[in-house]
Amino acid sequence: MKRAILTAVLLAPVVLFAQDEKPFTISGTVAQLQKQAKVYLNVRKGDDNTLDSAEVKDGKFAFKGTVKEPSMASLMMVISDPPADMPKGSRRDVLPLFLDNGNITITAQDSISTASVKGSKANDAYLELNGMLKDIDTQMRTLQKEYRQLYMAKDEEGMKKLEPRFDSLEAQEKTIMRAYLDKNPGSPIAMFALNQYAGYEINPADVEPVFKKLDKKIKNSESGKAFVQRLEAAKKTAIGQPALDFAQADASGKTVSLASFRGKYVLVDFWASWCGPCRAENPNVVRAYSKFKEKGFEILAVSLDDRKDKWLAAIQADNLSWTHVSDLKGWKNAAAELYSIRAIPQNLLIDPQGRIIAKNLRGEALETKLGEIMQ
């Protein structure tokens, strides 16, 4: 449920097998294309995206570049003069794929999203995993559509009834992911699959044994080492651990530290003005704060915004009357990186002694927890 409908996720597909940069070429054909078009290649390299483009001439296009390791990428074709009757949604024609070094062939008829990809072992593995997840993905999309309709109708009771179905599908998805990793410990997309399996909130006790069973070259890869860092961060921010201190500026420029809240129950809430699920959750947080603030409950909200005007406008619009801080660095927010935040909303509840006692309390769960501990 968390990953499916409640989070604004940092889409950061990881790269695999660190080594020297190796060349790749893409040779593409769109056989039945009658219009002028342009193809864009977006490649994820670590925390950065690289974007390249190529004109489609006589139904053909080409790219060349280098990758250190198999990397998640996407091709998007944009028709210069689309037919007037073409549905707007179909004009964004996208093909996700895994790049690998070597010669890759893309063959399409009129839509790049349905193209075949040859020459990338990583992409072959990606398609295999997608095939295993196809039925789950179909059910999930149907359920998400139903949820959006209920959300637009503000039917909170209806949305709540869908949560067990989301949880069931996610459990099935994790079972399939785990089976794939157990069977394919040397897969070129092993770290991609493991990051999907782990989700944005890593449970070290569950995930670390899976990681340890992967091939040595996978664990020693660039993305393997990055995952170790995520694991260590998860261990340091687990329930029962002392909260990691940080300090950032509030809207007036005054530096506020987490340590300054010692002696009170404090919710550290990671959010952003542009995050729809965060804004949808804010009324629940407002209600809990109003109910428990006189009993010593405080909130320290950390925004992953990069524009101060948007940040402050959202605070006012949502009536968020607690302490707010941000370094206005977006996903590079130092506190978010300290806590390995890869999706929002996320929160941590910290006791008066500075220890983490709960995580990601949403909806009624926050009020329920506060009611238990603040009698």
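Since this is a predicted model, take the numbers as computed values, not measurements.

**Here we look at the nonpolar core**
The biggest cluster of nonpolar side chains holds 44 residues, and the ones touching the most others in it are L258, F270, F297 and Y339. Those elements that provide at least two residues to this core are β12 (265-271), α8 (276-292), β13 (297-303), α9 (308-317), α10 (334-338), β16 (346-350), β17 (356-359) and α11 (364-373). At 6 residues, β12 tops the list of elements feeding residues into this core. In this structure F297 touches Y265, L267, A288, Y289, F292, L349, L370 and M374, once residues within four positions along its chain are discounted. Among the nonpolar cores identified, the runner-up in size contains 37 residues, and M159, L169, I176 and F211 belong to it.

**Re the state of the cysteines**
Working definition: the covalent bond between the sulfur atoms of two cysteines is a disulfide. For the coordinates displayed, the defined rule picks out 1 disulfide. Across a sulfur-sulfur distance of 2.2 Å, C275 and C278 are joined as a disulfide pair. Judged by the sign of its S-S torsion, about 80 degrees, the cystine formed by C275 and C278 is right-handed. Per residue, the accessibility class of C275 equals that of C278, and both read buried.

**Overview of α9**
For α9, the complete set of buried residues consists of W311, A314 and I315. Looking straight down α9, one finds its buried side chains confined to an arc of 100 degrees; they lie on one side. Exposed residues lying more than 90 degrees from the buried face of α9 are Q316 and A317. The inward-facing, buried residues of α9 contact β10 (247-249), β12, α8, β13 and β14 (323-325). Phi for N319, located one or two positions after α9, is positive at around 55 degrees.

**Considerations on the packing of aromatic side chains**
Counting across every chain of the model gives 11 aromatic pairs. An angle of 75 degrees between the planes, with centres 5.8 Å apart, marks the rings of Y126 and F192 as edge-to-face. Here the residue Y126 occupies a position in helix α2 (residues 121-152), and F192 occupies one in helix α4 (residues 190-198), the gap between them amounting to 66 residues. Neither Y126 nor F192 differs from the other in exposure class; each is buried. Three or more aromatic residues joined by ring pairs form one cluster here, namely F98, Y126 and F192. Taking NZ or CZ as reference, K174 lies 4.5 Å from the ring centre of Y197, over its face.

**Looking at the packing of α2 against helix α3 (residues 156-183)**
When two helices pack together, their arrangement is given by the angle between the helix axes and the distance between those axes. Two elements in contact, α2 and α3, have axes whose closest approach is 10 Å; the angle formed by their N-to-C orientations is 175 degrees. By the angle between their axes, α2 is roughly antiparallel relative to α3. Looking at the contact of α2 with α3, its residues break down into 17 nonpolar, 4 polar and 6 charged.

**Some points on the sheet that holds strand β9 (residues 116-118)**
Pairing is mixed across the open sheet formed by 4 strands, whose spatial order is β5-β2-β8-β9. Of all strands in the sheet, those with a lone pairing partner are β5 (60-67) and β9, marking the two edges. For this sheet, the mean angle separating the axes of adjacent strands, direction not counted, is 15 degrees. Two elements, strand β8 (residues 102-108) and β9, share 3 bridges in a ladder whose sense is antiparallel.

**Focus on empty space enclosed by the protein**
For the structure shown, the criterion picks out 2 cavities of 30 Å³ or more. If you add up the space inside the largest cavity, you get close to 150 Å³. Among the secondary structure elements, those contributing two or more residues to the lining of the largest cavity are α7 (222-236) and β16. Grouping the constituent residues of the lining of the largest cavity by class yields 7 nonpolar, 5 polar and 3 charged.

Conventions we followed
As a convention, each chain's residues are numbered from 1 in the sequence order in which they are written. Given that the model is predicted, a residue must reach a pLDDT of at least 70 before its local features are reported, and side-chain atom pairs must reach 80 or more before they are shown or counted; all residues, however, enter totals for whole chains, interfaces and linings. The side-chain numbers reported here are obtained from all heavy atoms of the structure, hydrogens and water having been left aside. Throughout this description, the term nonpolar core refers to a set of buried Ala, Val, Leu, Ile, Met, Phe, Trp, Tyr and Cys residues connected via side-chain atoms within 4.5 Å. Burial status follows relative accessibility: with a 1.4 Å probe on protein chains alone, a residue under 20% of its type maximum counts as buried, one over 50% as exposed, and anything between as partly exposed. Here a helix means four or more residues in a row that DSSP labels H or I, a strand means two or more in a row labelled E, and each is numbered from the N terminus. Whether two residues are in contact is decided by their heavy atoms: any pair within 4.5 Å suffices. Cysteine sulfur atoms are paired as a disulfide whenever they come within 2.5 Å of each other. By definition, the arc is the one covered by directions from the helix axis to the C-beta atoms. Note on aromatic contacts: the rings of Phe and Tyr and the six-membered ring of Trp form a pair at centre separations within 6.5 Å, being stacked when their planes are under 30 degrees apart, edge-to-face when over 60 apart, and tilted otherwise. Lysine NZ or arginine CZ positioned within 6 Å of the ring centre and within 35 degrees of the ring normal marks a charge as sitting over the ring. For every element, the axis is a line fit to its C-alpha atoms; helices are fit only across the contacting stretch, and the angle between N-to-C directions ranges from 0 to 180 degrees. Should an angle fall under 35 degrees it is called roughly parallel, over 145 degrees roughly antiparallel, and 65 to 115 degrees roughly perpendicular, with every other angle called oblique. Residue polarity follows a fixed list, in which Ala, Val, Leu, Ile, Met, Phe, Trp, Tyr, Cys and Pro are nonpolar, Asp, Glu, Lys and Arg are charged, and the others, Gly among them, are polar. If DSSP finds at least two bridges between two strands, the strands pair. Here the term cavity refers to a set of points on a 1 Å grid, laid over the protein atoms alone, in which a 1.4 Å probe fits but cannot get out; the term pocket refers to an open set having protein on both sides within 12 Å along at least five of seven lines, with lining residues being those that place an atom within 4 Å of a point. Grid points are joined across faces, edges and corners, and a volume is the space filled by probe spheres set on the points.

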